[in-house]
Number of protein chains: 2
Amino acid sequence: MASTRRPTLADVAERVGVSAKTVSRVLNEDGPVSEATRTKVLAVVEELGFRPNLMARNMRVGSRDSTIGLVVPELGNPFFGTVAGGVEDVVRDRGLTLLMGSSGEHQPLEHSLVTTFLARRISGLLVVPAAGSDHRYLRRERESGLPVVFLDRPATGLAADAVVSANEDGARMGVAHLVAHGHRRIAFIGDRPATLYTRKMRLRGYRAALVEAGLPYDPSLVVAAHDPYAAGVAVRRLLALATPPTAVFAANNFASLGVVPALAEAGRRDVALVGFDDLPLAAVLEPGLTVVAQNPAAMGTAAAEQILARLSGDRSAARTRTVPVALVARGSGELPPPSA
Amino acid sequence: MASTRRPTLADVAERVGVSAKTVSRVLNEDGPVSEATRTKVLAVVEELGFRPNLMARNMRVGSRDSTIGLVVPELGNPFFGTVAGGVEDVVRDRGLTLLMGSSGEHQPLEHSLVTTFLARRISGLLVVPAAGSDHRYLRRERESGLPVVFLDRPATGLAADAVVSANEDGARMGVAHLVAHGHRRIAFIGDRPATLYTRKMRLRGYRAALVEAGLPYDPSLVVAAHDPYAAGVAVRRLLALATPPTAVFAANNFASLGVVPALAEAGRRDVALVGFDDLPLAAVLEPGLTVVAQNPAAMGTAAAEQILARLSGDRSAARTRTVPVALVARGSGELPPPSA
DNA sequence: TTGTAGGCGTTATCAC
DNA sequence: GTGATAACGCCTACAA
C-alpha cells in the first residue's frame, strides 16, 4: 500500500540501459530503433507498468491539453445527459477526453468552471449557457483561436458557433397541430425566466402558429413555470378562467411533467396537450402524450463535430446550426375541443 | 484571429520588470510582496489575460493531476447522469475537475478509458463496471495508492471500495409488498446477462421474499430482458402460461418501461406490478407505478466522498457502502390478485 | 521584499 | 541507431 512513485521514462531507460529518448522513440514509433532494443524496451515497460505521463507530454508537445470541456446546467437532466453522451462519443473517437461540469443554471458557477477548464488548456469548449449569463469574458479566448461552441442556447455578447433545436419551428408545428384539431384557445406554459432563449423562441413559434391560423394572441393564456409543481398550479388557474383554454402547449419537459398530473387529477381528459421534448412512458399515458421530440444526441454530436472542424483549421464565420425536431402524435394532441 | 501564444508567467514578469517567482507569489498569495509590485503585477495579469497553466502547475507540484475520472456505461441514462451529478457536486467543491467517459457496457472501451485517465495522472478513479469486466488490470494502481471506488456494481478480481444500492433488500421489500397484497405467483423480469451483479442481487432478494412467505420458487416465472421491447415480449409470454403470474416484479427501469405498455396493450389492469428504480411520470400512470426507488445522487456523492477520504489519507480496508432504497406505493403494487 | 538555480516528465534538435 | 542537451510553464528551496 506504500505510495510508490510511478515509473518514468528515465526509469525505464536506466533499467534497459539506453537513453530516455530511445524509449520515447519506441513508444511513439518515432525515429528508427533496432529490433533488439525495441523488444527490450517494451519488455521493461510491461514489467514496470510504465504509462507515459500525458500532462508532461501535452505540455511539451502542444501546450494545449487533449481535452474538450463541456459545461451543462444539470447533469441529472436526461436531456443534457444525452447531449453529453453525443459529445463524448465523437471526441473519444478522436482521442480526446471530456472534462465535464454542471453549473446548476448559475452564472458565476458556469464562469468559474469555464475558467478552470481554460487553465487546463483545453483544446475546445462546449457550453450550454446558464440562464442570463454573459459570455463577453470569452472574447479573448475566441480571438486567440480557441474553438468554442454553444449548445441548446446561443452565446450572449459573443460571436460564436452554436447548435440549437428548431425551437420556433417545433413550437409552431405543435401549436398548429392543436389548431388543426379544432382548438382556438390554446395555453402556453413556458420556462422562467421569460428571457430564456428556448422559451422566447418557442413562444415565437406559438405566436406564429396563432397568426397563421388567424387566431388572437391572449396574454392571459401565457404563463411561466420553472418546475412541474408551478406548471400544475398554472394549469389549474387556467382551467378556472371564465373562458378557459381547450388545449395546452407545454413548452418544456418540466412543464409537461406538471401539466399531465394536473389534468389527470382534475379529471380533465378532454383538454388537449402537446409537450415540447419527449419523455419516457409518454406513450403509455392515457391518452398517450403527443410531443415535439428533440434530438439531444444529434445536438451533442453536431456540436462536437463543429469543434473538431474548427480544430482542423476551419476558419469560416461563426454559424448557428439548427437540429430538426419531430412531432410525435400519441393521442393527447389529437383530442378535439368540447364544442366539436 | 491569429492563434497567438498564450502569455506565461515569464511574459508577465518581463512586462512588469520583476522575476517570474514574484508573479507566482502574487498569484498564489505565497511569500510577502510589496503592495506596489502586487498592484502592478495584477494589472499586467489582467491586461495580458494571463491564466496560470494548470498542467504545468500540477506537474511541478504533485505529479498528480487535480482531476477525478468517472467511467459510466451510458451517459444518457438518467440513473447514471444523476450519479455523475452527485459526483461532480462533491469534487467541484474540493477544487477537482471531473473527467468523464462512457463505456457503452463494453469492457474493452472501459479499459481504454481507464488507461487514458491513468495516463493523465488523475487523483482518483470512479468506475461503474461494464457488464462482465475484470479489474485485475487495476491492481498495480491500487497498490501504488490510487484511490479507486466502484459504483453501482463492485469490482471483479480486485479489493476496492464500492458504493451500491440495497439491491437485495429492495427487491425483497418489493416482492414482499406484492406478497402482502395476496400474490402467490410473482414473475421476475431481470437484466441480461444473468451474471450482472445488480440482477443477481435483486433475484436473491426476490427468492428471499418467496422463502419468507413460504412460496415455491418457479424458474418459469423468471426471465431475462435487456431492453423494454424484450421485457414486453416476456410479459406476454408469461401471461399466456397455463398458470400465469398475478403480479410482476420488474427488476430495473428498462424492464418497467417494457412491462407497463405491454400490460396496458393487453388490457390487463388486474396484474400487479412493482418496478425497481423510479421513473418520471410513474405517478401519473393509471394505476400509478409502485417502485423501489434508488437514490442515484446519494450514490454519487457517497462514492466521491469516499475518494476524497482516501485522498486525505484514509488507509482503512476496502469496504462496500450500501445506499438505502425506498418503496413508493402508487397503486400498481397494491392491486389484489383476481382470486381475492 | 525579491531573485536564482533546479527540476517535474516528456519531446525536438542536433550531434555522434 | 542512439544519445546529450534544452525546453515546455510552473513551483520549491535556498539565497541575497
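In this text the structure is predicted, and so the values were computed from the model without any measurement.

A. Geometry of the interface of chain B and chain A. Between chain B and chain A, the contact holds 62 residues from the first and 62 residues from the second. Of the roughly 5400 Å² buried where chain B meets chain A, counting both sides, 60% is carbon and sulfur surface. Broken down residue by residue, the surface that chain B buries against chain A is led by Met55, Arg120 and Leu281 of chain B, which jointly contribute 14%. Our count for the contact surface shared by chain B and chain A stands at six salt bridges. Here chain B and chain A share 20 residue pairs in polar contact (both at pLDDT 80 or more) between them. When residues of the side of chain B that touches chain A are traced back to their parent elements, those giving at least two are α3 (35-48), α4 (54-61), α5 (78-93), β2 (97-102), α6 (107-119), α7 (139-143) and α11 (253-265) of chain B. Looking at the side of chain B that touches chain A element by element, the count peaks at seven residues for α5 of chain B. Here the residues of the side of chain B that touches chain A sort into 27 nonpolar, 18 polar and 17 charged. As judged from the three bridges shared by strand β2 (residues 97-102) of chain A and β2 of chain B, these two strands associate in the antiparallel manner.

B. Molecular detail of the pairing of strand β4 (residues 148-151) of chain A. Residue and element names in this part refer to chain A. The alternating pattern of β4 places Val148 and Phe150 on one face and Val149 and Leu151 on the opposite face, and all of these are buried. The pairing of strand β3 (residues 124-127) with β4 spans three bridges and is classified as parallel. Residue pairing for β4: Leu125 is matched across the bridge by Val148. The pairing of β4 with strand β5 (residues 161-165) spans three bridges and is classified as parallel.

C. View of the relation of the copies chain B and chain A. Superposing chain B onto chain A takes a rotation of 180° combined with a translation of 0.1 Å along the rotation axis, leaving an RMSD of 0.2 Å. Here the copies are linked by what is in effect a two-fold axis. A share of 100% of interface residues in chain B that are also interface residues in chain A marks the association as one of identical surfaces.

D. View of the protein's contact with DNA strand D. Lining the immediate surroundings of DNA strand D are 25 residues, of which Thr22 and Arg25 of chain A together with Leu9, Lys21 and Arg60 of chain B lie closest. Here, DNA strand D places atoms within 4 Å of the protein, and 55% of those atoms are sugar or phosphate. Ser19 of chain A has a polar backbone atom sitting 2.9 Å from a phosphate oxygen of DNA strand D. One of the side-chain nitrogen or oxygen atoms of Arg60 of chain B is found 2.8 Å away from a base oxygen of DNA strand D. Of all the elements in the fold, those that place two or more residues in the surface near DNA strand D are α2 (20-28) and α4 (54-61) of chain A together with α2 (20-28) and α4 of chain B. Looking at the surface near DNA strand D element by element, the count peaks at four residues for α4 of chain B. Residue composition of the surface near DNA strand D, by class: nine nonpolar, nine polar and seven charged.

Reading guide: rules and limits
- Residues numbered from 1 in each chain as written.
- Chains lettered and ligands numbered in written order.
- Predicted model: local features only at pLDDT ≥ 70, side-chain atom pairs only at ≥ 80, totals over all residues.
- Heavy atoms only, no water.
- Contact = heavy atoms within 4.5 Å.
- Buried area = accessible area lost by both parts, 1.4 Å probe.
- Salt bridge = Lys/Arg side-chain N within 4 Å of Asp/Glu carboxyl O.
- Polar contact = N/O pair within 3.5 Å; in protein donor to acceptor, adjacent residues only side chain to side chain.
- Helix = DSSP H or I, 4+ residues; strand = E, 2+ residues; numbered from the N terminus.
- Nonpolar A, V, L, I, M, F, W, Y, C, P; charged D, E, K, R; others polar.
- Pairing = 2+ DSSP bridges.
- Buried < 20%, exposed > 50% of the residue type's maximum accessible area, 1.4 Å probe, protein only.
- Least-squares fit on C-alpha atoms with pLDDT ≥ 70 in both.
- Near = heavy atom within 4 Å.

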